[in-house]
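One-letter residues, chain by chain:
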Amino acid sequence: MKKNNAQQPALHKVIMVGSGGVGKSALTLQFMYDEFVEDYEPTKADSYRKKVVLDGEEVQIDILDTAGQEDYAAIRDNYFRSGEGFLCVFSITEDDSFQSTMEFREQILRVKNDENIPFLLVGNKGDLTDKRKVSLNEAQSRAQEWGVPYVETSAKTRDNVDKVFFDLMREIRARKKEDVKGANGKGKDKGRRKKLKCNIL
Amino acid sequence: MDSLIKSVGESDYQPEKYVKELSQRCMGPEELLQQKTNVQSLGEQINTMLKKNVFYNYIQFIDTAKEIANLEGEMYQLSHLLTEQASLLNSLASSSIVSEQISKSGKEVNGVQNTEVDNVVEEKRVHKLLNIMERVENCNNLVDVPDRKCLHEGDLLELDPIENTPVQRIHCYLFTDICIVASWLSSRRGPARYRFQSMYDLCNLAVVNIKDIKNSFKLLAFPETRVFQAPNTGLKNDWLSKFEVAKKSQISVENKMKSSVDHKMIQRTDSIQLVHNSFEPETTEPELPEWIIDLADDLDVLIAQRHFEDANSLISKARQYLEEHGDQISTSIEQEIKTKLENRIQALTLVLTKELQVSPDKSHKGGLRAARRAVRILNQLDKSSQACDLFLKVCSNLLKSQLQYVKRDGAMSTFVKKYSMVFFGTTIEITHEFLYKAFPNSSACSSAFILWTIQEVNDFMVILNKHMFVPQTSLSNLSECIKVIHKNCQELCDYGIDLQFQIDGQLRIPLTKSINDIKDKTIEVIKIRFSEDKWKPFNLKTKQQRDKIVEEYTNYGFSNIESYNKGESWIMLTQNTITFTRTYLLLLNDCLVLYSTDLANVIDQLLYEVFAAHCNYIKSSMKNKNFVNDINIITTNARFILDIFLSHCFKVYSASTGNVNPQIHTRLKSEFGVIPTQNITGYI
């Protein structure tokens, strides 16, 4: 492997999770190519990479779009392991998808073994207000409970699409800096994390 | 204007020459101006034509582009279909390994004949693995894990995961539980071609399709990420689907192992619990056995692996459990289990109904036997009516496809015979399957079946009628066909299904029409024959010929034909009489085959009118002055027909129909029987 980290822009690995049909791929494609795909075709596992400018700094984002379908639940662990940040997507028009965010959150925490993994709760299909089943309050209170931000998006109208990806990258970047610090002064980091955990509880 | 277009359009058109000619020809400025406007309008016309042409070209171009896009889509679908098929085959292959393993672990080895096949498969598998070990330098021992099998292999190009630049050529092997990456050896001496590089456990491996780099995919083996590029999209998709199949089957194997262990544990805990309960009545909520908790997942797995029988037995077991222990489980849990169970039952039903559904791309060679399994399980799930509907659809389809093979060329009667044979043969087969195998003891389904047979037989008769009742068909042809149909139909009666009424009902209208047509035709023929009749005794030229006729009539049952003989080769009956009696006997025969209470009137009418027509002509011949000298022979013939032939015919008629005193006989007798004899006495 070449050691040209200075030249290479930082790579942030983002993973899209959430039940089937909530719009993970739609969000990804909107972010990647500025297009909205109407037809639904279940994803298995697709990855994308893009160079973006994050707060004046050129970085690369690596998006792993995972399968939402139940039959992939057992092999999700291996995907989650490689992620540095997660966009946990549900559809505001479907309560089931909101309920299953719990499972995803638990699985991610279990795999990453880290309560503070960069994580955004994303309520997609925000344009379909007349079909809303999950109230803003409900979603916000769950996000608060988890200590994560909640953002409503629309892959169709591109509402907040860039925001969720950039917000998540900022969190990842902050985490990485923190880790470097932590690596310098060992032990400190662990204590801090534990403290935060207590705060949440 | 036309001349203008012509001259301008010519290949050797020269503007100077044209203008010169024009100026010579034209008188005065008006005419020149006129020519100028002509040329201008021509220019405009050509302009619009050009535009139109361009437009048409565009349209054609767009159409072509669309076609190409469609084609591309179709090709994509095709390749998708193919990869799906490939993965299906693969999963079938791998699932067979799975079941092998389970049956072994579950001590359910299926007889001796399987073991032989197993041995051959096993040998092949080991051979393949050893072969791979030989090819890959420094390879681990692959044979030590039982049931490991090579699922896929191929050359790939490894890319740098960050920069996407090519790193090295590698060869990758996918096994049922692991994946091996090996690099190419530069010096190829000996059997080894690759050097072992790394091995990944499938359970720690994730495969990701990379969308924005052509033909590549990622292996996530935390913390390592490796990017590979396949030579083309098809091969990449191959890899992806192979990986998916391998992972899925591995998971199902794990689940199976787990559930079989669970089952054993349940049995133990069950017995313990029983003891506990009797001693400790204070335990208010007994713990649910684990198999009930895992019920939904287990059912999912069983359905996915198409172990429908197992799924069904698990469902009934669960139902029984819920019934017996319903009062011990809290209602909310019970409700939850019940809804889960209901969902799985629905899923199973759906899968099974899909199995039974008729689709054009499914072959029906398996026939009804193939449907048995699904029908049986659906019956056990109390979905008989659905199963019955679908099963009957399958039957219709089977019938249709069987009938398709009957060739429609050749003689009508052979076609009808074959068609009817195939129809009733298949129907009997279906009836047997339906009443004894698929839906025994189900009255609702039986009535549905009877409705179905009636519908089918009606359709069948519509087709047959189209073939049978074409204008020139003779009555004997028809009667032969109908006889065959009746006979075939009779065979079905053994199963308690009598379709004769249906068939006769369908036949009545066209048959009536045919009989009437034949009546008219026959009467027409009689008229023609009488117009040509000279009332001369029939000369058969030789004695042998005459003897033949005598023999023929004796065979019909006439005893005293010799009395009509005259001279060496003459017979006192006219040729007309002979032809008529022959025709009438034939007609009578056919009519009697077709005879039924529905058709009795029409047939009687036919028999009466034809006979009456003949007698009427005899009567008019007697009065005809031209035949005064032949009155002797006319009476002889009339007597033969009215006395001997008529009573013979109605003896036959009575014997066949059981009608001892047929009305037409008496009617014919009373109308014609007396008159000629009176006349004869008058003349003699």
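Calculation criteria
- Residues numbered from 1 in each chain as written.
- Chains lettered and ligands numbered in written order.
- Predicted model: local features only at pLDDT ≥ 70, side-chain atom pairs only at ≥ 80, totals over all residues.
- Heavy atoms only, no water.
- Helix = DSSP H or I, 4+ residues; strand = E, 2+ residues; numbered from the N terminus.
- Contact = heavy atoms within 4.5 Å.
- Salt bridge = Lys/Arg side-chain N within 4 Å of Asp/Glu carboxyl O.
- Buried < 20%, exposed > 50% of the residue type's maximum accessible area, 1.4 Å probe, protein only.
- Buried area = accessible area lost by both parts, 1.4 Å probe.
- Polar contact = N/O pair within 3.5 Å; in protein donor to acceptor, adjacent residues only side chain to side chain.
- Pairing = 2+ DSSP bridges.
- Axes fitted to C-alpha atoms, helices over the stretch in contact; angles between N-to-C directions.
- Parallel < 35°, antiparallel > 145°, perpendicular 65-115°, else oblique.
- Left-handed = near helix turned anticlockwise from the far one by under 90°.
- Nonpolar A, V, L, I, M, F, W, Y, C, P; charged D, E, K, R; others polar.
- Core = buried A, V, L, I, M, F, W, Y, C linked by side-chain atoms within 4.5 Å.
- pLDDT = per-residue confidence, 0-100.
- Phe/Tyr/Trp six-rings, centres within 6.5 Å; stacked < 30°, edge-to-face > 60°.
- Lys NZ or Arg CZ within 6 Å of the ring centre and 35° of its normal.
- Patch = residues over 30% accessible without salt bridge, like charges linked within 9 Å, V, L, I, M, F, W, Y side chains within 5 Å.
- Areas by Shrake-Rupley, 256 points an atom, 1.4 Å probe, with all protein chains shown as cover.
- Lys, Arg positive; Asp, Glu negative; His and termini not counted.
- Charge placed at Lys NZ, Arg CZ, Asp CG, Glu CD.

What is the right way to look at the overall build of chain A in this model?
Of regular secondary structure, chain A possesses 6 helices and 6 strands. Written out in order from the N terminus, the α and β elements of chain A read β-α-β-β-α-β-α-β-α-β-α-α. When contacts within chain A are restricted to residue pairs at least 6 apart in sequence, those whose partners lie at least 24 apart make up 73%.

Sorry, what's going on with the pattern of salt bridges here?
Think of it this way: side chains of opposite charge can pair up when their charged atoms draw near. Residue and element names in this part refer to chain A. On inspection of all chains with the given rule, the structure shows 28 salt bridges over all chains. Between D162 and R158 there is a salt bridge whose closest N-O contact spans 2.9 Å. Judged by relative accessible area, D162 falls into the partly exposed class, the value being 30%. Within the structure, one salt-bridge network assembled from shared partners comprises D55, E57, K163, D167, R170 and R173.

I keep staring at the interface of chain A and chain B and nothing clicks. Help me out?
How big an interface is tends to be reported as the loss of accessible area on association of its parts. The partner chain B presents 23 residues to the 25 residues of chain A that form the contact. Summed over both partners, the interface of chain A with chain B comes to about 2000 Å²; 50% of that surface belongs to carbon and sulfur atoms. If you sort the residues of chain A by the area they bury against chain B, S47(A), R49(A) and N78(A) come out on top, with a joint share of 26%. For the pair chain A and chain B, the number of links is 3 salt bridges. Run the count over chain A and chain B and you get 13 residue pairs in polar contact (both at pLDDT 80 or more). Breaking the side of chain A that touches chain B down by element, the ones donating at least two residues are β1 (10-17), α1 (24-33), β2 (45-54), β3 (57-66) and α2 (76-81) of chain A. With 5 residues, β2(A) is the largest single contributor of residues to the side of chain A that touches chain B. The sheet contact formed by β2(A) and strand β6 (residues 206-210) of chain B spans 2 bridges and is parallel. Across the sheet, the residue bridging to S47(A) is I210(B), located in β6(B).

Help me understand the packing of helix α18 (residues 600-623) of chain B against helix α19 (residues 631-657) of chain B in this model?
Relative orientation and spacing of two packed helices are given, respectively, by the angle between their axes and the distance between those axes. Residue and element names in this part refer to chain B. Following both chains from N to C, one finds α18 and α19 inclined at 165 degrees, their axes separated by 10 Å at the closest point. When the axes of α18 and α19 are compared, the pair comes out roughly antiparallel. α19 is crossed by α18, and the crossing has left-handed handedness. Of the residues in α19, those in contact with D604, L607, F611, H614, C615, I618, S621 and M622 of α18 are I631, I634, T635, A638, I641, L642, F645, L646 and Y653. Its residues assigned to classes, the contact of α18 with α19 comprises 13 nonpolar, 3 polar and 1 charged.

Honestly, the nonpolar core in this entry has me stumped. Any pointers?
Considering soluble globular proteins, one finds that nonpolar side chains tend to be buried as a cluster. Residues and elements named next belong to chain B. One finds M468 and F611 to be the most contacted residues of the largest nonpolar core, which totals 124 residues. The greatest single-element share of this core, amounting to 12 residues, is contributed by α19. Contact partners of M468, with chain neighbours within four places excluded, come to M412, V416, T473, L478, C481, I482, I485 and L507.

What is the right way to read the confidence of the model for chain B from this model?
As a note on interpretation, predicted positions should not be read in detail where pLDDT is low. Residues and elements named next belong to chain B. Chain-level statistics for chain B give a pLDDT mean of 79 and a share of 88% at 70 or above. Within chain B, helix α21 (residues 675-683) has the poorest average pLDDT of any element, 43, and strand β3 (residues 166-175) the best, 88. Low pLDDT (under 50) marks residues 675-684, which in the prediction has 10 contacts with non-local residues, meaning those over four places away or in another chain. Taken over the whole predicted complex, pTM reads 0.42, whereas the ipTM for its chain interfaces reads 0.79.

Is there a simple way to think about the pairing of β2(A) in this case?
Regular strands place side chains that alternate from one sheet face to the opposite one. Residues and elements named next belong to chain A. Of all 10 residues that make up β2, 7 are buried, and the element is covered over most of its length. Pairing of β2 with β3, which is carried by 10 bridges, proceeds in the antiparallel orientation. Residue pairing across strands places V53 opposite E58, the latter belonging to β3. Connecting the antiparallel pair β2 and β3 is a turn made up of 2 residues, with D55 showing a positive phi of about 50 degrees.

Can you walk me through the packing of aromatic side chains in this structure?
The full count for this structure, using the stated rule, is 40 aromatic pairs over all chains. Centre to centre, the rings of F423(B) and F424(B) are 5.0 Å apart; their planes meet at 90 degrees, and the pair counts as edge-to-face. Note on F530(B) and W535(B): the rings are 6.0 Å apart at their centroids and 50 degrees apart in plane angle, and the pair reads as tilted. Members of the aromatic cluster, each reached through a chain of ring pairs, are Y553(B), Y556(B), F558(B), Y564(B), F580(B), Y584(B), F611(B), F640(B) and F645(B). Here the guanidinium or amino end of R105(A) rests over the ring plane of F119(A), the centre of that ring lying 4.6 Å away.

Is there a simple way to think about a negative patch on the surface in this case?
Residues and elements named next belong to chain A. Among the surface-exposed residues, E94, D95, D96 and E138 lie close enough to one another that they form a single negatively charged patch. Its location among the elements puts D95 in helix α3 (residues 95-112). For D95, a relative accessible area of 31% translates into the label partly exposed.

Help me understand the confidence of the model for chain A in this model?
Residues and elements named next belong to chain A. For chain A, the mean per-residue pLDDT works out to 85, and 86% of the residues sit at or above 70. Low confidence marks residues 1-5, where pLDDT is under 50. Its contacts with residues over four positions away, or in another chain, come to 3 contacts. Residue range residues 187-201 is modelled with pLDDT below 50. Its contacts to residues more than four positions away, or to other chains, number 13 contacts.

Whenever I open this one, the sheet that holds strand β11 (residues 570-571) of chain B confuses me. Can you help?
Residues and elements named next belong to chain B. Across the sheet, which stays open at both edges, the 3 strands sit in the order β9-β11-β10 with antiparallel pairing between neighbours. Where the open sheet ends on each side, the last strands, each with one partner, are β9 (538-539) and β10 (565-566). By the bridge criterion, 2 bridges tie β10 to β11 in an arrangement that is antiparallel. Directly across from N565, in β11, lies its bridge partner I571.

Just checking my understanding: could you explain unusual backbone geometry for this structure?
What you tend to see is this: most non-glycine residues have negative phi, and most peptide bonds are trans. Residue and element names in this part refer to chain A. The backbone phi angle of D55 is positive, close to 50 degrees, even though this residue is not glycine. Here D55 lies in the loop between β2 and β3. Taking the relative accessible area as the measure of exposure, D55 reaches 46% and is therefore partly exposed.

Looking at this structure, I do not really get the pairing of strand β5 (residues 194-201) of chain B. What am I missing?
All names here are of chain B. Examined bridge by bridge, strand β1 (residues 136-137) and β5 share 2 bridges and lie parallel to one another. Following the sheet pairing, V136 is matched in β5 by Y194. Bridging between strand β4 (residues 178-184) and β5 involves 7 bridges; their strand directions are antiparallel. Residue pairing for β5: W184 is matched across the bridge by Y194.

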